Each structure stands twice: as C-alpha cells, then as structure tokens.
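Here is what each chain is made of, one letter per residue.
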Amino acid sequence: MTNITLYHNPACGTSRNALALIRNSGVEPTIILYLETPPDREELKALIAAMGISARDLLRTNVEPYETLGLAQDVFSDEALTEAMLMHPILINRPVVVTPLGTRLCRPSERVLDILPDPQQAEFIKEDGERVTGKDGSRAGNPS
C-alpha cells in the first residue's frame, strides 16, 4: 500500500479535489486536518525543505492575519514567516501532499498527479466541472 499524507482543509475545494485525485489512484491517504492538528516547527520546516520552496511560497496571502501582521512586507525571514504559520495555521497554504515520489503544494489540485505513484483509475472531474482525467485515467488532453 502506498503511503501518502495529505495536509487537508475540508472547507477548501482545491484540497477536496486533491483528496479525490489521491483516492482515484486507489489509495486512502493519511489525512492531517492541519487547522486542528498543525505541524510543529520541525515538521513545518521539513515540509518546506522537502518542497524546495521558501516559507513565503507556502504562505496564504488572502486570509487574516496576513494583513494584520504586515506579512506582505518583504522584510520577514523564513524563520519569522514559519513562526507566523505556527502561531496562525490558517496562514499555511494547502493542500500539501507527501508521497514516496515527493512533497508538493498542490495548487492547482492536479499537481498531485505528478507525485502519485499509482495511476488514476477512472475519469476525474473537479468540483468546478473541469475534466482532469479521461475515462481510462489518462490526463485530459491525452487520447482516452
């Protein structure tokens, strides 16, 4: 069984679509509701490092307390931004997916396809109606 972890917010359509794509590959992931059980400092830093991005790249910019904390200013170190995410988990962008093939912020949700070890098993259409895979599981735009 493939070990996949999803840092998930069920209120987020992108996160729900990523979960559905993982399940469409035949895998039930470990789901971490990161707003209820946020990562600790070492786990968050390890996720950022595994994705090869900066802390700013993981930061959600369209939620409070982003503006209140003045995080738009380009004066904060990765350490300071990580601290802000630890204190306010809503600032962590999602969904983050960890698979044997890598760790990725899956925005848009179909980015998860690049790190899923198992192929899609059926057609997948996102909540907004966008077709991601054909009936044979191949990516949209490929013959199916």
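Residues numbered from 1 in each chain as written. Predicted model: local features only at pLDDT ≥ 70, side-chain atom pairs only at ≥ 80, totals over all residues. Heavy atoms only, no water.

Things to note about the overall build of the protein chain
In terms of helices and strands, the protein chain carries four helices and six strands. In sequence order, the secondary structure elements of the protein chain are arranged as β-α-β-α-α-α-β-β-β-β. For 144 residues, the compact-globule formula gives about 15 Å, and the C-alpha radius of gyration of the protein chain, at 16 Å, lands near that figure. Considered along the principal axes of its C-alpha atoms, the protein chain spans approximately 50 × 30 × 25 Å. The buried share of the protein chain, reckoned over its 144 residues, is 44%. Here the contacts in the protein chain between residues at least 6 apart in sequence split such that 55% fall between residues at least 24 apart. (Helix = DSSP H or I, 4+ residues; strand = E, 2+ residues; numbered from the N terminus. Rg over C-alpha atoms; globule rule 2.2 N^0.38 Å. Buried < 20%, exposed > 50% of the residue type's maximum accessible area, 1.4 Å probe, protein only. Contact = heavy atoms within 4.5 Å.)

Here we look at the environment of alanine 72
You can see alanine 72 is positioned in the loop between α3 (55–58) and α4 (78–87). Judged by its relative accessible area of 49%, alanine 72 falls in the partly exposed class. Note: C-alpha distance between alanine 72 and threonine 61 (eleven residues apart in sequence) is 7.7 Å. If we skip the residues at most four places from it in the chain, alanine 72 touches Arg56 and Tyr66.

Regarding the side chain of threonine 99
Note on placement: threonine 99 falls in strand β3 (residues 96–99). When its relative accessible area of 7% is taken as the criterion, threonine 99 is described as buried. At 2.9 Å, the side chain of threonine 99 and the backbone nitrogen of leucine 101 are in polar contact. The residues contacting threonine 99, other than those within four sequence positions of it, are Asn3, Ile4, Ile115, Leu116 and Pro117. (Polar contact = N/O pair within 3.5 Å; in protein donor to acceptor, adjacent residues only side chain to side chain.)

A short note on the pairing of β3
Consecutive side chains along a regular strand alternate between the two faces of the sheet. Direction of pairing for strand β1 (residues 5–8) relative to β3: antiparallel, over a ladder of three bridges. In the sheet register, leucine 6 faces β3, and the bridge partner there is valine 97. Inspection of the sheet shows β3 paired to strand β4 (residues 102–105) by four bridges, in the antiparallel sense. Residue pairing in the sheet places threonine 99 in a bridge with glycine 102 of β4. Connecting β3 to the antiparallel partner β4 that follows it, the hairpin turn spans two residues. (Pairing = 2+ DSSP bridges.)

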